[in-house]
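Here are the chains, one letter per residue:
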Amino acid sequence: MSIINSVRQTLVPIHKAGYPFVLVFFIAAILLGQVWDALFWIGLIFTLWCAYFFRDPERTTPQSDNLVISPADGKISFVGNAVPPAELGLGDEARPRVSVFMNVFDCHVNRSPVAGTISKIAYKPGEFLSADLDKASQDNERNAIVVDTRHGPVAAVQIAGLVARRIVCWAEEKNHIAQGERFGLIRFGSRVDIYLPAGTQSCVGVGQRAVAGETVIAAFGADARANAGFRTR
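Now for a quick tour of the structure. (Residues numbered from 1 in each chain as written. Predicted model: local features only at pLDDT ≥ 70, side-chain atom pairs only at ≥ 80, totals over all residues. Heavy atoms only, no water.)

Okay, a nonpolar patch on the surface next. A surface patch of nonpolar side chains, amounting to about 290 Å² of accessible area, comprises Leu-23, Ile-27 and Leu-31. Within the element layout of this structure, Ile-27 appears in helix H2 (residues 19-35). Its relative accessible area of 40% is what places Ile-27 among the partly exposed residues. (Patch = residues over 30% accessible without salt bridge, like charges linked within 9 Å, V, L, I, M, F, W, Y side chains within 5 Å. Areas by Shrake-Rupley, 256 points an atom, 1.4 Å probe, with all protein chains shown as cover. Salt bridge = Lys/Arg side-chain N within 4 Å of Asp/Glu carboxyl O. Helix = DSSP H or I, 4+ residues; strand = E, 2+ residues; numbered from the N terminus. Buried < 20%, exposed > 50% of the residue type's maximum accessible area, 1.4 Å probe, protein only.)

Note that Leu-67 resides in strand S1 (residues 67-69). Taking the relative accessible area as the measure of exposure, Leu-67 reaches 10% and is therefore buried. Leu-67 sits 152 residues away from Ala-219 along the chain, and the two C-alpha atoms are 4.5 Å apart.

A word on the nonpolar core. Among the nonpolar cores identified, the biggest contains 26 residues, and Val-68, Val-98, Ile-145, Val-192, Ile-194, Leu-196 and Ile-217 are the most heavily contacted of them. At the level of secondary structure, the elements contributing two or more residues to this core comprise strand S3 (95-102), strand S6 (142-149), strand S7 (152-160), strand S10 (182-186), strand S11 (190-195) and strand S14 (216-219). In contact with Ile-194, other than residues within four places in its own chain, are Val-68, Pro-71, Pro-96, Arg-97, Val-98, Val-100, Pro-113, Val-154, Ala-155 and Ile-217. Listed in part, the 9 residues of the second largest apolar core include Ala-82, Val-146, Ala-155 and Ile-159. (Core = buried A, V, L, I, M, F, W, Y, C linked by side-chain atoms within 4.5 Å. Contact = heavy atoms within 4.5 Å.)

Structure below.
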């Protein structure tokens, strides 16, 4: 294998949204280095961490109308039924929900869990409680996309956390979105909730690690039984 190919496999591309932050961290490292040499190296470490945080790796997404793919890297923090936020327009009945918690070391680029037409994008200002708390689903600042599928609407809700203060979403209403397609990111620690149609079978368990665009988190019909092995007890 050539040296170039080895470097390409080691160095993951940085999403363009992270360029300004990496630049600010690097300039700060240089300025701090004028005060004390050791501060430059500390600043450089934080610069490298910032570049790592905004990494945007390619993913191989299973393409199936019967599968729901994780929209985020992180730990599964909730699997069960919950009432979706009112702004989604999905009613006040509890429906299946899977939550993925992202810490500051996870990749924060979010991907669509399903393919379909984006029927709604809803932003809701709120608090910045720790994203691993269940009440963050209702109290925290959030942004949601609702995707219409043949099984019914599927919603992915980006939730800001204790550190995260900026939700970015570049998806647009009425547009078609592909399964695994990037639709946004959340800066510096957060969570994504996925609300599913009634009867959807979860394929993961609390504590399991998920990979955005690759891990099957839920399925419909026969594919639910076929993917039951993904569930963690």
